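Chains, contacts and geometry: an overview
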Amino acid sequence: MIKIKEIEQKAKEILSQLNIKKAPVPIEKIAKKIGLSIDKGIFGDTISGFLLTKENKNIIAVKSTESEVRQRFTIAHELGHYLFHSNKVDDIFISNVLFRNESSSTGEIRMEREANSFAAAILMPVDFIKEEIDKLDNRLTVEDAIKQLSKKFHVSEVAMTYRLTNLGYNI
Ligand SMILES: [Zn+2]
């Protein structure tokens, strides 16, 4: 099992290496810098994307018909698989809601969770969140604050809400 701290640390490291200091985090650029190519296409209803690694060729495929925020999360999620789970030689990870829910293997569920944690960590870095929260008008309602933050970070409101809760913000 990979510790949350390790996942957060990895995200931090990548952002600092690439000198990324502000939201929105350019996730496609990051994936490319790490050596992955992004392929946007149309697949079956239940698949959001997948990671395919072959020797000398690493591809993240993303469903082009999904919203931008969803695509960004998928790329970040697959990047998490690449960094933490892939043997980087010959692997495929499929992000598929049904597959996830029906999965009987706890190993798969664990990896899905870890990939989601990494996605949240890199798209909504702790320090960036703090900075943006400090800038918010404190007269905003929680709903409006989440709306503004999710726009700023180019993530869904659901993802932002989870992230803030996980970081211990009282919302
Ligand atoms: Zn996955």
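Above this note sits the structure.
What counts, and at which threshold
- Residues numbered from 1 in each chain as written.
- Predicted model: local features only at pLDDT ≥ 70, side-chain atom pairs only at ≥ 80, totals over all residues.
- Heavy atoms only, no water.
- Buried < 20%, exposed > 50% of the residue type's maximum accessible area, 1.4 Å probe, protein only.
- Helix = DSSP H or I, 4+ residues; strand = E, 2+ residues; numbered from the N terminus.
- Arc of directions from axis to C-beta.
- Phe/Tyr/Trp six-rings, centres within 6.5 Å; stacked < 30°, edge-to-face > 60°.
- Core = buried A, V, L, I, M, F, W, Y, C linked by side-chain atoms within 4.5 Å.
- Contact = heavy atoms within 4.5 Å.
- Donors = N, O, S within 2.8 Å, 3.2 Å for Na, K, Ca; no water.
- Tetrahedral: all angles 85-135°; square planar, octahedral: opposite > 155°, others 65-115°.
- Salt bridge = Lys/Arg side-chain N within 4 Å of Asp/Glu carboxyl O.

**Points about helix 2 (residues 27-34)**
- Of all the positions in helix 2, only Ile27, Ile30 and Ala31 are classed as buried. Buried residues of helix 2, viewed axially, fall in a sector of 95°; they line one side.
- Just downstream of helix 2, Gly35 is the residue with a positive phi angle, here 110°.

**Considering the packing of aromatic side chains**
- All chains considered together, the criterion is met by 2 aromatic pairs.
- Taking the centre distance of 5.8 Å and the plane angle of 65° together, the rings of Phe84 and Phe118 count as edge-to-face. Placement of Phe84 in helix 3 (residues 68-84) and of Phe118 in helix 5 (residues 106-123) is noted, with a sequence separation of 34 residues between them. Here Phe84 matches Phe118 in class, with each residue buried.

**Digging into the nonpolar core**
- Residues Ile30, Ile122, Met124, Phe153 and Met160 are the most contacted members of the largest nonpolar core, which totals 41 residues.
- Among the elements of the structure, helix 1 (4-17), helix 2, strand 3 (57-63), helix 3, helix 5, helix 6 (126-135), helix 7 (142-153) and helix 8 (157-166) are those that each provide at least two residues to this core.
- Setting aside residues up to four positions removed in sequence, Phe153 forms contacts with Ala23, Pro24, Arg72, Leu123, Met124, Pro125, Phe128, Ile129, Glu132 and Met160.

**Overview of the coordination of the zinc ion**
- For the zinc ion, every protein donor is listed as His77 (NE2), His81 (NE2), Glu112 (OE) and Glu112 (OE), and the spread of their distances is 2.0 to 2.4 Å.
- Considering all 4 donor atoms around the zinc ion, the spread of angles at the metal, 55 to 129°, places the coordination shape in the irregular class.

**A short note on the pattern of salt bridges**
- All chains considered together, the criterion is met by 8 salt bridges.
- For the salt bridge of Glu114 with Arg110, the shortest nitrogen-to-oxygen distance reads 3.1 Å. A residue pair is termed a helical-turn pair when its members lie 3 or 4 positions apart in one helix, as Glu114 and Arg110 do in helix 5 at 4 residues.
- Between Glu132 and Lys135 there is a salt bridge, with its nearest N and O atoms 3.2 Å apart. You can see Glu132 and its partner Lys135 sitting in helix 6, 3 residues apart, about one turn around the helix.
- Since its relative accessible area comes to 8%, Glu132 is described here as buried.
- Accessibility expressed as a relative area gives 52% for Lys135, which makes it exposed.

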